[in-house]
Amino acid sequence: MCVVGSANIDLVVAVDHLPAPGETVLGGRFTIHEGGKGANQAVAAARAGARVSFVGAVGDDDYGRRSSRALAEEGVDLERLRTLDGEPTGIALIVVGPRGENQIAVAPGANHAWELDDHDRARIAAADVVLTTHEVPMSVVVETLAAAHARGIPAILNPAPARALPSEILRLGPILTPNEHELTVSIGNDDGATALEELASRHAGPIIVTQGAAGALLVADGREERFGGRAVPAPVDTTGAGDTFNGVLAAWLAEGTSLDDAIRAANVAASMSVIAAGARAGMPHRDAIDGELSV
Ligand code: RIB
């Protein structure tokens, strides 16, 4: 499978409550982690047993080298990861609260300074599943989805961070995986219930709304089905839970499983991912996901 996405370094401060606008919260603990939605998804899929190639960009700096090294250690194919001169590696400033909730601000740097080339296109065309997000340029997202569509390859768009979805994406009909906030923004309707109806009436493919501990809601082919989540008594850090969901969903689909089975695995993996600090530390490996699914 192929992930076309972002790679960031996450600068994280864990505090006893999230700051309100204008508030300074003192007493936090600082850590640095590898992150970026695309790179996180690639790692989640690789740990779930998929062969993953990553298409993206980092800067020619220490953070870029740290980011690539971490992906390589997970067995992700980095032939299409470019290093850009004059652009810094993407940075996310993250504040994590006592129940694992977060606030994130991203400086995309290199992630927003590239376009697909013919080698990337060949890599996408050869994939069994393609996964992308809004942390790379919209032109890259559209071209990736169009290439997958032309080849009949299953494609997933995790529409995060939230932004309005252009009609060309709705026409291409990728599997969409918004959370509840992204759902309303993607269609420009603040009301969650009618936003889903409206998106479903305009989008040609399946929609999976991720709902954190509550699980996920699938709308596809006129069918609506709820997949229950697993409550985690004391989540440490929910950063990367959505990425785990998407990476595992893609990994399962790459094995030819049904969308329903892929959602079950993704739900379980996402709930397991929140038990450790940092986007990736809690992401489960395949045997752990299989173990949880068999309970
Ligand atoms: O989804 C979590 C990720 O969002 C973080 O790792 C951060 O880098 C931001 O991209």
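The structure this text deals with has already been given above.
Okay, so let's go over this structure. Keep in mind that what you see is a predicted model, and the values were worked out from it rather than measured. (Residues numbered from 1 in each chain as written. Predicted model: local features only at pLDDT ≥ 70, side-chain atom pairs only at ≥ 80, totals over all residues. Heavy atoms only, no water.)

With respect to the overall build of the protein
And step 1. A tally of regular secondary structure across the protein gives ten helices and 13 strands.
And step 2. For 295 residues, the compact-globule formula gives about 19 Å, and the C-alpha radius of gyration of the protein, at 18 Å, lands near that figure.
And step 3. Going through the 295 residues of the protein one by one, you find that 54% of them count as buried.
And step 4. Surface accessibility of the protein: about 12,400 Å² in total, with carbon and sulfur atoms responsible for 52%.
And step 5. Taking the average place of the 22 positive charges on the side chains of the protein and the average place of its 39 negative ones, the gap between the two points comes to 3 Å. (Helix = DSSP H or I, 4+ residues; strand = E, 2+ residues; numbered from the N terminus. Rg over C-alpha atoms; globule rule 2.2 N^0.38 Å. Buried < 20%, exposed > 50% of the residue type's maximum accessible area, 1.4 Å probe, protein only. Areas by Shrake-Rupley, 256 points an atom, 1.4 Å probe, with all protein chains shown as cover. Lys, Arg positive; Asp, Glu negative; His and termini not counted. Charge placed at Lys NZ, Arg CZ, Asp CG, Glu CD.)

Regarding the environment of Gly205
And step 1. Checked against the element boundaries, Gly205 lands in the loop between helix H7 (192-202) and strand S11 (207-210).
And step 2. The residues touching Gly205, leaving out its near neighbours within four places in the chain, are Gly173 and Pro174. (Contact = heavy atoms within 4.5 Å.)

Details of the pattern of salt bridges
Side-chain pairing between opposite charges can occur once the charged atoms of the two side chains come close.
And step 1. Per the stated rule, a full pass over the model turns up 19 salt bridges.
And step 2. Between Arg47 and Glu74 there is a salt bridge, with its nearest N and O atoms 2.6 Å apart. Taken together, the residues Arg47 in helix H1 (residues 37-47) and Glu74 in the loop between helix H2 (62-73) and strand S5 (77-84) connect sequence positions 27 residues apart.
And step 3. Looking at Arg47, the relative accessible area reads 13%, which means it is buried.
And step 4. Given a relative accessible area of 25%, Glu74 falls into the partly exposed group.
And step 5. Among the salt bridges present, the one from Glu292 reaches Arg230, with a minimum N-O distance of 2.6 Å. Here Arg230 lies in the loop between strand S13 (223-228) and helix H8 (241-254) and Glu292 lies in helix H10 (residues 286-293), a separation of 62 residues in the sequence.
And step 6. Its relative accessible area of 30% is what places Arg230 among the partly exposed residues.
And step 7. Salt bridges linked by common partners bring Arg80, Arg82, Asp117 and Asp120 together as one network. (Salt bridge = Lys/Arg side-chain N within 4 Å of Asp/Glu carboxyl O.)

Some points on the side chain of Arg82
And step 1. Examined against the element boundaries, Arg82 turns out to sit in strand S5.
And step 2. The class of Arg82 is buried, set by a relative accessible area of 16%.
And step 3. Within the structure, Arg82 has its side chain in polar contact with the backbone oxygen of Glu115 (distance 3.4 Å).
And step 4. A polar atom in the side chain of Arg82 sits 2.5 Å from the side chain of Asp120.
And step 5. Other than its neighbours up to four places away in sequence, Arg82 contacts Val55, Gly56, Ala57, Val58, Trp114, Glu115, Asp117 and Asp120. (Polar contact = N/O pair within 3.5 Å; in protein donor to acceptor, adjacent residues only side chain to side chain.)

Focus on the site of the ligand
And step 1. Near the ligand you find Asn8, Asp10, Gly35, Gly36, Lys37, Asn40, Ala92, Glu135, Thr239, Gly240, Asp243 and Ala279, and these make up its full shell.
And step 2. Note that an oxygen atom of the ligand is positioned 3.0 Å from one of the side-chain N or O atoms of Asn40.
And step 3. Between the ligand and Glu135 there is a distance of 2.6 Å, counted from an oxygen atom to a side-chain nitrogen or oxygen.
And step 4. When the free accessible area of the ligand is taken as 280 Å², the share hidden by the protein chains comes to 96%.
And step 5. Looking at the shell around the ligand, the elements with two or more residues in it are strand S2 (8-14) and H1.
And step 6. Here the residues of the shell around the ligand are counted per class, giving two nonpolar, six polar and four charged. (Near = heavy atom within 4 Å. Nonpolar A, V, L, I, M, F, W, Y, C, P; charged D, E, K, R; others polar.)

Re the environment of Tyr63
And step 1. Topologically, Tyr63 is positioned in helix H2.
And step 2. Taking relative accessible area as the criterion, Tyr63 reaches 30% and is therefore assigned partly exposed.
And step 3. Counting along the chain gives 28 residues from Tyr63 to Ile91, while the straight-line C-alpha distance between them is 8.7 Å.
And step 4. When sequence neighbours within four positions are dropped, the list of residues in contact with Tyr63 reads Ile9, Leu11, Ile32, Thr89 and Ile91.

Digging into the packing of H1 against H8
And step 1. The contact between H1 and H8 brings their axes to 7 Å, and the two run at 50 degrees. The orientation of H1 relative to H8 falls into the category oblique. Note on packing geometry: the crossing formed by H1 with H8 is right-handed. Residues Lys37, Asn40, Gln41, Ala44 and Ala45 of H1 lie in contact with H8, whose contacting residues are Asp243, Thr244, Asn246, Gly247, Val248 and Ala251.
And step 2. The class makeup of the residues in the contact of H1 with H8 is four nonpolar, five polar and two charged. (Axes fitted to C-alpha atoms, helices over the stretch in contact; angles between N-to-C directions. Parallel < 35°, antiparallel > 145°, perpendicular 65-115°, else oblique. Left-handed = near helix turned anticlockwise from the far one by under 90°.)

Overview of the sheet that holds strand S6 (residues 90-96)
And step 1. Read across the open sheet, the four strands follow the order S3-S2-S6-S7; overall the sheet is mixed. Each edge of the sheet is formed by a strand with only one pairing partner; in this case those strands are strand S3 (29-35) and strand S7 (102-107). If you compare each strand with its neighbour and ignore which way they point, the axes differ by 20 degrees on average.
And step 2. Across seven bridges, the pairing between S2 and S6 is parallel. (Pairing = 2+ DSSP bridges.)

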